[in-house]
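Commentary on secondary and tertiary structure
Residues per chain are reported as follows:
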Amino acid sequence: MSRSTLRLTVAQALVRFLAVQYTERDGVRHRLIAGTWGIFGHGNVAGIGQALLEAGEETMPFHQGRNEQAMVHAAVGYARQLNRLSAQAVTTSIGPGATNLVTGAALATVNRLPVLLLPGDYFATRAADPLLQQLEHPVEADLSVNDTLRPVSRYFDRITRPEALIPSALNAMRVLADPVETGAVTLALPQDVQAEAYDWPEEFFADRIWHVRRPAPEPAELAAAVEAVRGARRPLIVAGGGIHHSEAEMALKAFVEATGIPVASTQAGKGSLRHDHPADLGGVGHTGTAVADELARTADLVIGVGTRYTDFTTASATLFQEPGVRFVNLNVAAFDAHKLSARTLVADARAGLEALTEALSGHRVDAAYEAEYRAGKERWEEVVDAVYRADDEHAVLTQTQVLGALDSVVGDDDVVINAAGSLPGDLHKLWRARSPRQYHLEYGYSCMGYEIPAGIGVQQAAPGTPVWSLVGDGTYLMMPTEIVTAVQEGLPVNLVLIQNHGYASIGGLSEETGGERFGTAYRYRAADGTFTGAPLPVDLAANAASLGMDVLRAKTVRELRDALATARASDRPTCVYVETDPTPTAPAAEAWWDVPVAEVASRDAASRARERYDERVVDRRRHL
């Protein structure tokens, strides 16, 4: 019996296949690959480029980028905003275009966020060998620069024959749609294979729905978790990003209100409870609040929900100090659920929280414990008010006052984006998240340059939502290129550009660890060869304007509030530029972070830093 076929190139078949893939969860369908970012070169222009042109915008929307890494960041921002239910693809040429994907791929995989990468590759037939940009390896002829993507991809394949696309494309979609497996997926496409024709079975292009599971907890695991909660005097929830990905915020709220157990959040989990909920204690760990970290030190049970417990969360294994502390980890991934020798609850976050709430009916923590953490929360709110406040509205602004001004302007649905520098710590401690998706911190990879392209991705995912990309001068100088894309697409991303003349975060860390702020200031060389001269005469606001942004400069708190309000009301990409006093004004860290210090050194600063390090490192413990 003959089957109906379509004769298409490999690239044409791939684009047509991607256009009919869907995810479905809770009865709601989403397009799995909603668009493709691309920069074209000889490795993809006549293959994927021609296929996208032939397919048209209705079949596969195309987005033009300026930097390959930034295109991945934009796709990741898009996927995160849509709770991993929809993603985007990124196509590049061979050579540097492909290797530029590596950082973005690592970011996606570290953060468990889906993105499909389609780099061009060398001729599968070796008809032209070596060709432009080919990396020749003397003993591994099948090695290409795309192999750099293997360790940072959750799935990788090189399509050297047309028919190999069918199983590989299906596997790629399986991984992208799976909440346990998801991350960067790479299909390397030799440029001759992209253009090769093949008779494809029509069934390959039928609509295909990938069901996103909500696995319920296994009864024995649930019973063990319930027993642990009932036996705890001072339980604490650590809310991770999995709560957002599962859309489990209301289930968490119901669980907390039924049991009285307080919530401290990781960077990815902040906003799981609204900031003014009496059980929301804010951030936890090295950049956590005083109340959250104090409860973490004395907790006898830590309930991790959707978190992978990075060193910032655990304060490098020094935070959870109660001798008998135990852990219950609710996570869809068994890999994360088993961390810290926990009792596991391998399940979807929402399904697991709902099951716990039902099984714990009638159970509630002691009233004195509730009163304790509520009082601690009130004290911390006073701290936030103090660092947000600007008593002298004409003085040089501090970074925390910039956050206070933004706090006074944003609405409940605004999205605030950041990734690196000193801002993540200040935001984790101080930001008052009003809605589940307002706080968008990429801190799994903490990648400088993420913020602006991610803002574009969020705008694409949630049109009409005010988006704020917060960047310091160091981050801005690494990757401002996608400003041009925001202007081209008419996406009103708001850029808050903070100039403090250097790497403020690493400068502070350098000082703490005996590095004496070496190499962290943006200044001229002095006579002694160090970078301690006058600040560089760089006008970043003028640079943003040259790329097409509207630019508003603010020198005082009043001017800043006015500029932020103007930006929020604008329908164009707008930059609010402010110079700040580099002196830290946020509350000091409430928990340690292990950055090893030189064990021997001739400089006094390093020797003193090592003494401090030795005093803290003894608090490390293994939870067994």
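Below is a short write-up of the structure. (Residues numbered from 1 in each chain as written. Predicted model: local features only at pLDDT ≥ 70, side-chain atom pairs only at ≥ 80, totals over all residues. Heavy atoms only, no water.)

Here's the deal with the environment of Ile-166
Turning to its location among the elements, Ile-166 is positioned in helix α6 (residues 165-177). As for Ile-166 and Ala-486, which are separated by 320 residues in sequence, their C-alpha atoms are 35 Å apart. Those residues in contact with Ile-166 that sit more than four places away from it in its chain are Trp-200, Pro-201 and Phe-204. (Helix = DSSP H or I, 4+ residues; strand = E, 2+ residues; numbered from the N terminus. Contact = heavy atoms within 4.5 Å.)

Here's the deal with helix α5 (residues 101-110)
Burial runs high along α5: 7 of the 10 residues are buried. Along α5, the residues classified as buried are Leu-101, Gly-104, Ala-105, Ala-106, Leu-107, Ala-108 and Thr-109. Residues of α5 that are buried in the fold lie against α3 (68-81), β6 (87-92), α4 (96-99), β7 (115-121) and β9 (184-190). One or two positions beyond α5, positive phi appears at Arg-112, with a value near 60°. (Buried < 20%, exposed > 50% of the residue type's maximum accessible area, 1.4 Å probe, protein only.)

Some words on the pairing of strand β21 (residues 494-499)
Counting buried positions over the 6 residues of β21 gives 6, a clear majority of the element. Burial along β21 is two-sided: Asn-494, Val-496 and Ile-498 and Leu-495, Leu-497 and Gln-499, pointing in opposite directions, are all buried. Taken together, the 5 bridges between strand β20 (residues 467-472) and β21 define a ladder with parallel strand orientation. From the neighbouring strand, Leu-470 faces β21, where its bridge partner is Val-496. Pairing geometry for β21 and strand β23 (residues 574-579), over 6 bridges, is parallel. Bridge assignment links Gln-499 to a residue of β23, and that residue is Glu-579. (Pairing = 2+ DSSP bridges.)

Remarks on the pattern of salt bridges
If you walk through the whole model with that rule in mind, you get 34 salt bridges. Between Glu-512 and Arg-612 there is a salt bridge, with the nearest N and O atoms lying 3.6 Å from each other. One end of the pair, Glu-512, is in helix α21 (residues 504-512); the other, Arg-612, is in helix α24 (residues 604-617), and 100 residues separate them in sequence. Residue Arg-612 is classed as partly exposed on the basis of its relative accessible area, which comes to 33%. Here Arg-572 makes a salt bridge to Asp-550, at a shortest N to O gap of 3.1 Å. Placement of the pair is Arg-572 in the loop between α23 (557-569) and β23 and Asp-550 in strand β22 (residues 550-554), with a sequence separation of 22 residues. Classification of Arg-572 as partly exposed rests on a relative accessible area of 32%. With a relative accessible area of 32%, Asp-550 lands in the partly exposed category. One salt-bridge network, held together by shared partners, links Asp-26, Arg-214, Asp-348 and Arg-350. (Salt bridge = Lys/Arg side-chain N within 4 Å of Asp/Glu carboxyl O.)

Some remarks on the side chain of Thr-109
As for its placement among the helices and strands, Thr-109 is situated in helix α5. Those residues in contact with Thr-109 that sit more than four places away from it in its chain are Val-152, Ser-153, Arg-154, Gly-183 and Ala-184.

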